[in-house]
Amino acid sequence: MTTNNITDKRWSLQGTTALVTGGCNGIGLGIVKELVSLGATVHVCDKNEPDLIKRLEQWEEQHLPITGSLCDVSSRDDRHKLIEKASSLFNGKLDILVNNAGVVLFKPTASGSGSIVFISSIAGLIGANNVSLYAASKAAMNQLVKNLACEWGKDNIRANGIAPALIRTPLLLQDVASLAVFLCLPSASYITGQIICVDGGRSINIS
């Protein structure tokens, strides 16, 4: 994986900084790869130390602009440490926040603009058996996306959510990662407050 030379600034993240929670595996890892391929400098946090160490070694070998730190986003202390770490690494400049692992809430200092992407689920939009608490948390996240888009729009910070179905294949994972990074691009500058499903149409199929 190498950083692309992209001349059209609408499709480039060159010079931007990004923080991805839960970025060592699955959707988070796919998003990290996409961000770097478009020119972003990325800091990753993960609560699994062996996975984090493994990924950091791989990224260092590939000379990629990715750093990482151990963090459990359910811990208030860990979240504060993560904020301080990212602020220190990026000199207070954070352009992109991808809330992939749970929900970590803070308002980044953005340089003129910012994008926040929440990884939600179609469970927050449709009914399903045996996932009531999970579905309720995702529904709350979806509403939070809309509220933040309204509250922080005046600061030129966008907030969007992605609601995937159950991810069973690498191709679907890549679809989610590609959409997440698209929402961070300048070409998506007029998209905010949206919950976008990646589910093969399941959320509109009531049969």
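Residues numbered from 1 in each chain as written. Predicted model: local features only at pLDDT ≥ 70, side-chain atom pairs only at ≥ 80, totals over all residues. Heavy atoms only, no water.

Under an unreviewed UniProt entry, the name given to the protein chain is Short-chain dehydrogenase/reductase SDR protein, and the organism recorded is Dioscorea alata.

### A word on the sheet that holds strand β5 (residues 114-119)
Here 7 strands make up an open sheet; going across it, the order is β3-β2-β1-β4-β5-β6-β7 and the pairing parallel. Only two strands of the sheet have a single partner each, and these edge strands are β3 (66-70) and β7 (195-198). Direction aside, neighbouring strands of the sheet carry axes that sit 20° apart on average. Where strand β6 (residues 157-164) and β7 come together, 4 bridges link them in parallel fashion. (Pairing = 2+ DSSP bridges. Helix = DSSP H or I, 4+ residues; strand = E, 2+ residues; numbered from the N terminus. Axes fitted to C-alpha atoms, helices over the stretch in contact; angles between N-to-C directions.)

### Some thoughts on unusual backbone geometry
Note: most peptide bonds trans; most residues except glycine with negative phi. A positive phi angle, close to 60°, is found at His63, a residue other than glycine. Its place among the elements puts His63 in the loop between α2 (49-61) and β3. Exposure remark for His63: the relative accessible area of 71% places this residue in the exposed category. Despite not being glycine, Asn156 has its phi angle at roughly 65°, a positive value. The residue Asn156 is located in the loop between α4 (132-152) and β6 in this model. (Buried < 20%, exposed > 50% of the residue type's maximum accessible area, 1.4 Å probe, protein only.)

### Focus: the environment of Ile196
Within the secondary structure layout, Ile196 lies in strand β7. The exposure class of Ile196 is partly exposed, given its relative accessible area of 26%. Separated by 33 residues in sequence, Ile196 and Ala163 have C-alpha atoms that sit 5.8 Å apart. Ignoring anything within four residues of it in the chain, the contact list for Ile196 reads Gly161, Ile162, Ala163, Leu179 and Leu183. (Contact = heavy atoms within 4.5 Å.)

### A look at the packing of helix α1 (residues 26-37) against helix α5 (residues 170-182)
Between α1 and α5, whose axes approach to 8 Å, the crossing angle comes to 50°. Of the possible angle classes, the one that applies to α1 and α5 is oblique. Crossing of α1 against α5: the hand is right-handed. Within the contact between the two elements, α1 uses Gly26, Ile27, Gly30, Ile31, Glu34 and Leu35 and α5 uses Leu173, Gln174, Val176, Ala177, Ser178, Ala180 and Val181. Its residues placed into classes, the contact of α1 with α5 shows 8 nonpolar, 4 polar and 1 charged. (Parallel < 35°, antiparallel > 145°, perpendicular 65-115°, else oblique. Left-handed = near helix turned anticlockwise from the far one by under 90°. Nonpolar A, V, L, I, M, F, W, Y, C, P; charged D, E, K, R; others polar.)

### Here we look at the nonpolar core
By size, the foremost hydrophobic cluster in this structure holds 32 residues, and its most contacted members are Leu13, Ile31, Leu35, Val42, Ile66, Val117 and Ile162. Those elements giving two or more residues to this core turn out to be β1 (17-21), α1, β2 (41-46), α2, β4 (96-99), β5 and α5. In terms of residue count, the dominant contributor to this core is α1 (6 residues). Excluding residues within four positions of it along the chain, Ile66 makes contact with Val32, Val36, Val42, Val44, Leu56 and Trp59. Leu82, Val145, Trp152 and Ala159 belong to the second largest nonpolar core, which has 18 residues in total. (Core = buried A, V, L, I, M, F, W, Y, C linked by side-chain atoms within 4.5 Å.)

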